[in-house]
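Breakdown of the fold
Listed below are the residues making up each chain.
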Amino acid sequence: MASTTKIVTALIALNYGKLDEKFTISKEAANIRGSKVGYTVGEQITVRELIYGLMLRSGNDAAIALAEGLSGSVESFSKVMNEEARKLGLLYTSFESPHGLDSDNHFSSSYDLALATAKAQNHEEFMKIISNKAISKEELGFTRDYHNINKILWRSEEANGVKTGYTGKAGKCLVSSFKLY
């Protein structure tokens, strides 16, 4: 499921995190491979900003920082993700990370991703974040500007989210949402 994993990471962060709390970027977060926001070791970033980095920039560094800040480690956060998946009714999903990089026991079905997305879209802050094409650092007091890499938001006025992803094993992944009129 690649970075579409981050839908559940964001939902957990929104449900259990304090949006104005700051987490310190660890060496593991700063050095993760794949797509990153570019956070540096020791930088202090709010949960809110990390979720923007997670969803708009697909930041694997943001995913690790959220996992460590909320649960102490990626492994502990992955357990929380699997518990939440069961509560959401995701029956064919297994999480091993908050970011979705290739892993043998990290998978989901399109139905489960749609169900998780529908649950996340009930969260007002989630919808506010994923529908943003770009946000300036001044607007919310962030450390940097964020530009959404989800090209569908830029190509369709009806689009209002959600998440793209890509890994070698998963290929190109997409969970999209459009406004109903």
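Just above, that's the structure.
Residues numbered from 1 in each chain as written. Predicted model: local features only at pLDDT ≥ 70, side-chain atom pairs only at ≥ 80, totals over all residues. Heavy atoms only, no water.

Considerations on the packing of helix α1 (residues 6-16) against helix α3 (residues 47-56)
Formally: Interaxial angle, 0 to 180 degrees, is taken between N-to-C directions of lines fitted to C-alpha atoms, where a helix line uses only the stretch in contact. The way it works is that DSSP assigns letters per residue, a run of H or I at least four long becomes a helix, a run of E at least two long becomes a strand, and they are numbered from the N terminus. Angular relationships are summarised with four words: roughly parallel below 35 degrees, roughly antiparallel beyond 145, roughly perpendicular across 65 to 115, and oblique for the angles in between. Each crossing gets its hand from how the near helix is turned against the far one by less than a right angle, where anticlockwise is left-handed and clockwise is right-handed. Should any heavy atoms of two residues lie within 4.5 Å, those residues are counted as being in contact. By the convention adopted, Pro, Cys, Tyr, Trp, Phe, Met, Ile, Leu, Val and Ala count as nonpolar, Lys, Arg, Asp and Glu as charged, and the other residues, Gly among them, as polar.
Between α1 and α3, whose axes approach to 10 Å, the crossing angle comes to 170°. The orientation of α1 with respect to α3, classified from their angle, is roughly antiparallel. As for how α1 packs across α3, the hand of that crossing is left-handed. Residue-level contacts link Lys 6, Ile 7, Thr 9, Ala 10, Ala 13 and Leu 14 of α1 to Val 47, Ile 51, Leu 54 and Met 55 of α3. For the contact of α1 with α3, the per-class residue count stands at eight nonpolar, one polar and one charged.

Digging into the pairing of strand β6 (residues 171-178)
Heads up, the condition is: In this analysis, strands are considered paired if DSSP registers two or more bridges between them.
As paired strands, strand β5 (residues 159-167) and β6 are joined by eight bridges and run antiparallel to one another. Looking across to β6, one finds that Gly 161 is bridged to Ser 177. Hairpin remark: β5 followed by β6, antiparallel, with three residues in the connecting loop.

Some points on the packing of aromatic side chains
Inclusion rule: Here is the rule: rings of Phe, Tyr and Trp (six-membered ring for Trp) pair when centre to centre is within 6.5 Å. Planes less than 30 degrees apart are stacked, more than 60 are edge-to-face, and the remainder are tilted. The rule is simple: take the accessible area with a 1.4 Å probe, protein chains only, and divide by the maximum for that residue type; under 20% is buried, over 50% is exposed, in between is partly exposed.
Applying the stated rule across the entire model yields three aromatic pairs. For the ring pair Tyr 92 and Phe 107, a centre distance of 5.1 Å and an interplane angle of 45° mean the geometry is tilted. Taken together, the residues span a long stretch of sequence, with Tyr 92 in the loop between α5 (74-88) and α6 (110-120) and Phe 107 in the loop between α5 and α6 at a distance of 15 residues. Residue class for Phe 107 comes out partly exposed when judged on its relative accessible area of 30%. Members of the aromatic cluster, connected to one another through ring pairs, are Tyr 52, Phe 142 and Tyr 146.

As for α6
Note on helix geometry: an α-helix contains 3.6 residues per turn, so any two residues three or four positions apart are oriented the same way. This is how it is decided: Our arc is simply the arc of the directions from the helix axis toward the C-beta atoms.
If you check which residues of α6 are buried, you get Asp 112, Leu 113, Ala 116, Thr 117 and Ala 120. Buried residues of α6, viewed axially, fall in a sector of 135°; they line one side. When the buried face of α6 is taken as reference, the exposed residues oriented beyond 90 degrees from it are Ser 110 and Tyr 111. The secondary structure elements touched by the buried residues of α6 are α1, α7 (124-130), β5 and β6.

Topic: α1
Counting buried positions along α1 gives nine out of 11 residues, so the element sits mostly inside the fold. Of the positions making up α1, those classed as buried are Lys 6, Ile 7, Val 8, Thr 9, Ala 10, Leu 11, Ile 12, Ala 13 and Leu 14.

Focus: the pattern of salt bridges
We count it as follows: Put simply, a salt bridge is a Lys or Arg side-chain nitrogen that is within 4 Å of an Asp or Glu carboxyl oxygen.
Taken as a whole and judged by the stated rule, the model has five salt bridges. As a salt-bridge pair, Arg 144 and Glu 43 come within 3.0 Å of each other at their nearest N and O atoms. Within this pair, whereas Arg 144 is found in the loop between α8 (137-140) and β4 (146-147), its partner Glu 43 is found in the loop between α2 (27-30) and β2 (44-46), the two being separated by 101 residues in sequence. Grouping residues by exposure puts Arg 144 and Glu 43 together as buried. Residues Lys 87 and Glu 84 are paired through a salt bridge, measuring 3.3 Å at the closest nitrogen-oxygen approach. A residue pair is termed a helical-turn pair when its members lie 3 or 4 positions apart in one helix, as Lys 87 and Glu 84 do in helix α5 at three residues. Its relative accessible area of 11% is what places Glu 84 among the buried residues. Within this structure, Asp 20, Arg 48 and Glu 125 form a network of salt bridges that share partners.

Some thoughts on the environment of Ile 32
Considering the arrangement of structural elements, one finds Ile 32 in the loop between α2 and β2. Overall, Ile 32 belongs to the buried group, its relative accessible area being 16%. In this structure, the C-alpha to C-alpha distance between Ile 32 and Gly 59, residues 27 residues apart in sequence, is 9.4 Å. Ignoring sequence-local partners within four residues, the contact set of Ile 32 consists of Asn 60, Asp 61, Ile 64, His 99 and Leu 101.

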